[in-house]
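Here are the chains, one letter per residue:
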Amino acid sequence: YSIMIPEGWVQAVIESDKFLSLVIKPDGPINHADFADVDYDTYYAVNNTKLDNGSIDEYVDVLKQNLAQQIPSIEFTKQSYEIINGHDAIYLESSSIIDGKNYRTLLTFVADGKWVWAISFNTLQDSWEENRNAFYQISESLLIK
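Here's what I pulled together on the structure shown here. Bear in mind the structure is a predicted one, so any value in this text is a computation, not a measurement.

Brief notes about the nonpolar core
Move 1: Counting 19 residues, the largest nonpolar core has I3, Y44, L106, V110, I119, F121 and L142 as its most contacted members.
Move 2: Contributions of two or more residues to this core are made by β3 (40-50), β5 (87-98), β6 (101-111), β7 (115-124) and α2 (128-140).
Move 3: Ranked by the residues each element gives to this core, the list is headed by α2, at four residues.
Move 4: Other than its neighbours up to four places away in sequence, L106 contacts Y91, L92, E93, I119, S120, F121, W128, F135, Y136 and S139.
Move 5: Counting residues in each nonpolar core, the second largest holds 13 residues, with I56, I90, L92 and V116 among its members.

What to know about α2
Move 1: Under the 1.5 Å per step criterion, the end-to-end length of α2 is 18 Å for 13 residues, consistent within 8% with the ideal 18 Å.
Move 2: Among the residues of α2, W128, N131, F135, Y136, I138 and S139 are the ones counted as buried. For α2, the angular spread of the buried residues around the axis is 160°, confining them to a single face. Facing away from the buried side of α2 by more than 90 degrees, the exposed set consists of E129, E130 and N133.
Move 3: Buried residues belonging to α2 abut β2 (21-26), β3, β4 (75-84), β5, β6 and β7.

Conventions we followed
- Residues numbered from 1 in each chain as written.
- Predicted model: local features only at pLDDT ≥ 70, side-chain atom pairs only at ≥ 80, totals over all residues.
- Heavy atoms only, no water.
- Core = buried A, V, L, I, M, F, W, Y, C linked by side-chain atoms within 4.5 Å.
- Buried < 20%, exposed > 50% of the residue type's maximum accessible area, 1.4 Å probe, protein only.
- Helix = DSSP H or I, 4+ residues; strand = E, 2+ residues; numbered from the N terminus.
- Contact = heavy atoms within 4.5 Å.
- Expected span 1.5 Å × (residues − 1).
- Arc of directions from axis to C-beta.

See below:
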């Protein structure tokens, strides 16, 4: 796959089974010697999951139920259906309060028939309007190879 990384954003080096990639928008200067010490509140993560005998709608419904159990404050504010580079996609916006901070999230799900690709964009409520358009542009750049 490939996906856009906006100018000024940095792909974090991670060893995780949870994400294929993590891209952060630094809040302040970057110390290239110590990325673990970079301040950020805005980021996106990419992952994929095998789509077993279900639709993308069923996958998203189950995920919403799981998120509601994990994050009691979560509120799903908008869900829309699109096509991204020839594949069915669902955009899901939410808001939540975690550790006393108000967050806004855009979850983008893209089904290629075998996998569901998930992009999770997270930012503080105060930064949502500043980042919202970039989140959608990044989503639209996902190219499944």
